[in-house]
Amino acid sequence: MRTYILKRILGVVPTVLMITLVVFVMMRSVPGDPVVPLLGDAYTEEDAIKVREAYGLNKPVLVQYAIWLGKLVQGDWGTSILSGRPVLQDVLVRLPVTLELVVLSMGVALVIAIPAAIIGALRRNTWADYTATSVAMIGVSIPEFFTGVLLLLFFSVGLGGLLPSSGWVYLPGTCPMMVCGVSLWGNLQHVLMPAIALGIGRAALLTRLLRTSMLEVIRTEYVTTARAKGLAERPVVLKHALKNALIPTVTVMGLQVGFLIGGAIVVETLFAMPGLGTFGIDAIIGRDYQQVQGFALVTALAFVAINLIVDLTYTFLDPRIRYA
Amino acid sequence: MRSFAAALALAIVLAGVTTAGAQKRGGILRVAYGNEIAGLDFHVTPGYEMVWVATNIGCGLIGITPDGKFVPDAAESWTISPDGLLYTFKLKQNVLFHDGTRVDAAAVKFTVERIIDPATRSSMRSFMDSVHSVEVIDPHTVQIRLKQPYAFMLHMLAAYRMGLVLASPAATQKFSPEERRAGKPEAVVGCGPFKLVEWVKGSHLVMDRFDKYFVPGLPYLDRVVIRVIKDPVTQMAAFKAGEIDFIADFSADHVDTLRAQNPRAQVMTGKETTPMVAMMKVTVPADGKPMSKERGPHAIFNDIRVRKAIGCYGIDRKEIVKIAFKGQATPWLGIIPPGTLDSVDVTHLCPYDPARARALLAEAGYGPQKPLVFELMTNTEKSVFSVIATVIKEQVARIGVTANIRLVDKVSWMNTATQDGPFDMYVEDLASLMVLDQNTFLSASTASWNSARHTDPKVDEYYARYAREMDPVKRKVIAREFQEFSADKLYWNTISGSPFYQVAQPWMKDYVYQAEFKVLYKKVWLDK
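Residues numbered from 1 in each chain as written. Chains lettered and ligands numbered in written order. Predicted model: local features only at pLDDT ≥ 70, side-chain atom pairs only at ≥ 80, totals over all residues.

Points about the overall build of chain B
At step 1: A tally of regular secondary structure across chain B gives 16 helices and 22 strands.
At step 2: Structurally, chain B occupies a C-alpha span of about 75 × 55 × 40 Å along its principal axes.
At step 3: When each of the 528 residues of chain B is scored for burial, the buried share is 56%.
At step 4: Considering only residue pairs separated by 6 or more positions, chain B has 69% of its internal contacts joining residues 24 or more positions apart. (Helix = DSSP H or I, 4+ residues; strand = E, 2+ residues; numbered from the N terminus. Buried ≥ 20, exposed ≤ 12 C-beta atoms within 10 Å, placed from the backbone. Contact = placed C-beta atoms within 7 Å.)

As structure tokens, this is what we get:
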């Protein structure tokens, strides 16, 4: 197992390098030059040339990438071209917000998907199944921003500010700045609507997937055997059927992290959350190459790490799976 | 000055701003900005959001009131020599920077010279072209000598962009430009009513009351917290729920909804000071190299007949305003918007006249046999740009012209506009203008931001004559002449004013609306 984990971790390096290289080259291929918004009203071609030289933007793209990589190895993620702020510092400030949002939205998705899928599979072709399937279809069809706006209008405007519409309150002990709101209850209030908006679409997808898996599993011989042995329905479903049915679902959950980070861009913008999503989109819009690289690096690392965890989860779900 | 004053007076009436005598001290003002603050080097960083911070952390020599009167800030008095070349400022003796150092004549000299230094790359530098030198007479007296008379020297010092924001020489020399830009609190030192506590990009900016501010008793607020909420729907929800006290720049599209949801809200606006333009490119680089001084004619819009057919008679400005702004803007043609000093309404010079437009196009060789097709670029910064572009597309179709809309992001547009990139026409609202003179940096033939790339020296002559004429009556005459000339040549094609709105909770008191120019919290207090 240890050898497997080590191999996987080593395997992360080329993957992350490839992702950052592709992002690096793509960003430089996009029309637009960060020097223009940086200089703003004071823009002159002479100053622009000097600034490009100062930031090394006049060098060939691969040389720029090598310089960036060289600094990264030394722990220097660079500084934002536009704001002058250290990229790593900004990433670390924003990472906990997005991490919490992604984890909770996956939690929301599972809380909805697991019961809905079980009911759908066990009560196949009944009103309960149809309801679960229809709700899943609706969930998949509605984009995050629409769900978010509806939640916002209902809970923040309609119910007189029952839930806060925007901003962020940190969990106790996690404030990365001088001035933050810190409270467990406040944090829950702030994360609830974004997590639901982001999680509901994933819930719908997982419901459909898990329902199909459950339908296959409950028809297998070992489930029939378990029932024939007189086991109660609950352990049959939860212990024997669900555990096995979860394997493809867990694989998809890992892959969904990428979509969640993408969705976080929309949800964080809507709820004005200081997370990585807004950081990434601002960086791309502003052509802030250093920030874009920071964003790409951290999301690639998160994606690879979560998929590693997913792979390791298989051994828990199915003890027959062994990694050498 | 009358139009600017009238605009602000109207705004104050609209705002219903109170002037109660019993101001309450303390409290936290929660402010929402629609856009991110780009950085905090006040003399260098672009963007209104930065300006609205700079004017609260910094102080200047003088200020300007909504009715256009100049008032003391760090300077207690000033005199202007009869030839208009020497400005002498007497400084107050009790003005301190936030780092404890004194605001003296040396600091003023240091600041002006920093701005003028090309290495600083200050956005204020072009406005200081007239400055010859700065001389320290004594610690509290400073003289600014000009190369030639400049009628708008005080306007410039008070309010062009953020005006002259004084920099602490000690802090400026101690910290790097990057540290200032990044908002390191020790590096961002001003002499204004609030001092910077923290700026976390994408999260918040916090300013606390500066207890040694030179105006006794001010400011009233303990703290100002600025958050960026980009989505107007979220802004409205936060406002309705009482999570924010003030929206510094509210979307015109959503004003009616906000009013309906919050009948007691103070919705502030005034005559527009920002032009909405449909800019047409006049010349292109003759050698194909962007920014080249060798210019050739633009294939479509170099021809004045085509410019007039499309920009003058082919565009129905009233219809655009009705559709894009629900009538909440002024259809306009002049090179400066209706709320700008010395603005003249020349819109009548371009009545909507499709028949005349067709005739001009025919004269220029366009018609069914040779249809005119051009590209209309717009960007994603504001949804209203795309609406206007769509209406223009529809309007020019009525005269047999095809406009293909190209939607790009803000940075791509900026690159194209400033770097002589290829475009035929673009829709945008440009900088807020207090006076006609301020538009020099956007439309003089030598300006980097002259995105039409006209090469007409007559434009520059008008600007120079206007800026050097010290008699306001004669200046007004030049301004009118220039606006008529501009309407005739259409190097600059205004569509309308671009409305600006600010929204405050009923408990936010004594805030004075000054359009985009000033967002000052020093006299604001909270009645709750």
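Moving on, there is more to tell.
Thoughts on the overall build of chain A
At step 1: Counting its regular elements, chain A contains twelve helices and zero strands.
At step 2: Going from N to C terminus, chain A has its helices and strands arranged as α-α-α-α-α-α-α-α-α-α-α-α.
At step 3: Projecting the C-alpha coordinates of chain A onto the three principal axes gives extents of approximately 85 × 55 × 35 Å.
At step 4: The buried share among the 324 residues of chain A stands at 42%.

Regarding the interface of chain B and chain A
Note on interface size: it is often stated as the accessible area lost on association of the parts.
At step 1: Contact with chain B, which involves 44 residues of that partner, is made by 44 residues of chain A.
At step 2: When residues of the side of chain B that touches chain A are traced back to their parent elements, those giving at least two are helix H6 (177–181), strand E8 (194–200), strand E9 (204–209), strand E10 (223–228), helix H7 (232–240) and helix H13 (410–418) of chain B.
At step 3: Here the element with the most residues in the side of chain B that touches chain A is H13 of chain B; it accounts for six residues.

So, the sheet that holds strand E11 (residues 246–250) of chain B
Residues and elements named next belong to chain B.
At step 1: Pairing within the open sheet is mixed, and its seven strands lie in the order E8-E9-E10-E1-E11-E20-E12. Of all the strands in the sheet, the pair left with one neighbour each is E8 and strand E12 (266–268). In this sheet, neighbouring strand axes are inclined to one another by 15 degrees on average, regardless of whether the strands run parallel or antiparallel.
At step 2: Pairing geometry for E8 and E9, over six bridges, is antiparallel. Of the residues in E9, the one forming a bridge with Leu 196 is Met 207.
At step 3: Together, strand E1 (28–33), E8, E9, E10 and E11 form the strand contacts of helix H2 (residues 48–57), whose direction differs from that of E8 by roughly 145 degrees. (Pairing = 2+ DSSP bridges. Axes fitted to C-alpha atoms, helices over the stretch in contact; angles between N-to-C directions.)

Section: the environment of Gln 74 of chain A
All names here are of chain A.
At step 1: Along the chain, Gln 74 falls in the loop between helix H4 (61–73) and helix H5 (87–122).
At step 2: Residue Gln 74 is classed as exposed on the basis of its 6 C-beta neighbours within 10 Å.
At step 3: Gln 74 sits 217 residues away from Gln 291 along the chain, and the two C-alpha atoms are 17 Å apart.

Things to note about the sheet that holds strand E16 (residues 373–379) of chain B
Residue and element names in this part refer to chain B.
At step 1: As summarised here, the arrangement of the five strands in space is E17-E16-E18-E13-E19, forming an open sheet in which the pairing is mixed. Sheet topology places strand E17 (402–408) and strand E19 (494–497) at the edges, where each strand pairs with a single neighbour. For this sheet, the mean inter-axis angle between neighbouring strands, taken without regard to orientation, is 20 degrees.
At step 2: The pairing of strand E13 (residues 275–280) with strand E18 (residues 425–429) spans five bridges and is classified as antiparallel. Looking across to E18, one finds that Met 276 is bridged to Asp 429.
At step 3: Its contacts with the sheet put H13 on E16, E17 and E18, and the angle it makes with E16 is roughly 125 degrees.

Some details on the packing of helix H7 (residues 144–158) of chain A against H7 of chain B
At step 1: Orientation of H7 of chain A relative to H7 of chain B, taken along the N-to-C sense of each, is 10 degrees, at an axis distance of 9 Å. As judged from the angle between their axes, H7 of chain A and H7 of chain B are roughly parallel. The residues of H7 of chain B that touch H7 of chain A, namely those facing Val 149, Leu 152, Ser 156 and Val 157 of chain A, are Val 233, Thr 234, Ala 237 and Lys 240 of chain B.
At step 2: Grouping the constituent residues of the contact of H7 of chain A with H7 of chain B by class yields five nonpolar, two polar and one charged. (Parallel < 35°, antiparallel > 145°, perpendicular 65-115°, else oblique. Nonpolar A, V, L, I, M, F, W, Y, C, P; charged D, E, K, R; others polar.)

What about the confidence of the model for chain B?
At step 1: Across chain B, the average pLDDT comes to 93, with 96% of residues at or above 70.
At step 2: Taken together, the stretch residues 1–20 of chain B has pLDDT below 50 and engages in 49 contacts with residues farther than four places along the chain or on a different chain. (pLDDT = per-residue confidence, 0-100.)

Description of helix H10 (residues 317–324) of chain B
Residue and element names in this part refer to chain B.
At step 1: Those residues of H10 not exposed but buried are Arg 317, Ile 320, Val 321 and Ala 324. Summarising the axial view, the buried residues of H10 lie within an arc of 95 degrees, below the 170-degree limit, and thus occupy one face.
At step 2: Those residues of H10 that are buried lie in contact with helix H12 (383–397) and E19.
At step 3: Downstream of H10 by a residue or two, Lys 326 has a phi angle that is positive, lying close to 50 degrees. (Arc of directions from axis to C-beta.)

A look at the pairing of E11 of chain B
Residue and element names in this part refer to chain B.
At step 1: Across two bridges, E1 lies against E11 in parallel orientation. Bridge assignment links Ala 32 to a residue of E11, and that residue is Ile 247.
At step 2: As paired strands, E11 and strand E20 (residues 501–504) are joined by three bridges and run antiparallel to one another. Bridge assignment links Phe 246 to a residue of E20, and that residue is Ala 504.

As for helix H15 (residues 457–468) of chain B
Residues and elements named next belong to chain B.
At step 1: Given a rise of 1.5 Å per residue, twelve residues ought to cover 16 Å, and the 17 Å separating the end C-alpha atoms of H15 matches this to within 8%.
At step 2: Among the residues of H15, those classed as buried are Val 459, Tyr 462, Tyr 463, Tyr 466 and Ala 467. Buried residues along H15 cover an arc of 120 degrees about the axis, so they all sit on one side.
At step 3: Those residues of H15 that are buried are in contact with helix H14 (440–443) and helix H16 (472–489). (Expected span 1.5 Å × (residues − 1).)

Examining the pairing of E16 of chain B
Within a regular strand, the side chains alternate between the two sheet faces.
Residue and element names in this part refer to chain B.
At step 1: Where burial is concerned, most of E16 is hidden: five out of the seven residues are buried.
At step 2: In terms of strand pairing, E16 meets E17 through seven bridges, oriented parallel. Opposite Val 373, over in E17, you have Thr 402 as the bridge partner.
At step 3: By the bridge criterion, two bridges tie E16 to E18 in an arrangement that is parallel. Residue Met 377 lies in a different strand from E18, and its bridge partner there is Tyr 426.

Here's the deal with the environment of Asp 90 of chain A
At step 1: Mapping Asp 90 of chain A onto the fold places it in helix H5.
At step 2: Owing to 27 C-beta atoms within 10 Å, Asp 90 of chain A belongs among the buried residues under this scheme.
At step 3: C-alpha of Asp 90 of chain A to C-alpha of Thr 224 of chain A: the two residues are 134 residues apart in sequence and 55 Å apart in space.
At step 4: With residues up to four places along the chain from it excluded, the contact list for Asp 90 of chain A reads Arg 85 and Phe 279 of chain A together with Lys 201 of chain B.

Some points on the packing of helix H11 (residues 276–286) of chain A against helix H12 (residues 289–317) of chain A
Residues and elements named next belong to chain A.
At step 1: With their axes 8 Å apart at the nearest point, H11 and H12 run at an angle of 140 degrees to one another. With respect to their mutual orientation, H11 and H12 come out oblique. The way H11 lies across H12 gives a crossing that is left-handed. Along the contact surface, H11 presents Leu 276, Phe 279, Gly 280, Ala 283 and Ile 284, while H12 presents Gln 291, Val 292, Phe 295 and Val 298.
At step 2: Residue classes in the contact of H11 with H12 are distributed as seven nonpolar, two polar and no charged. (Left-handed = near helix turned anticlockwise from the far one by under 90°.)

Notes on the environment of Thr 79 of chain B
At step 1: Relative to the helices and strands, Thr 79 of chain B is located in strand E4 (residues 75–80).
At step 2: Using a count of 10 C-beta atoms within 10 Å as the deciding quantity, one classes Thr 79 of chain B as exposed.

Here's the deal with unusual backbone geometry
Residues and elements named next belong to chain B.
At step 1: For the peptide bond that leads from Leu 218 to Pro 219, omega is -5 degrees, which places it in the cis range.
At step 2: Examined against the element boundaries, Pro 219 turns out to sit in the loop between E9 and E10.
At step 3: Unlike most non-glycine residues, Met 291 shows phi in positive territory, near 70 degrees.
At step 4: Tracing the backbone shows Met 291 in the loop between strand E14 (283–285) and strand E15 (295–297).

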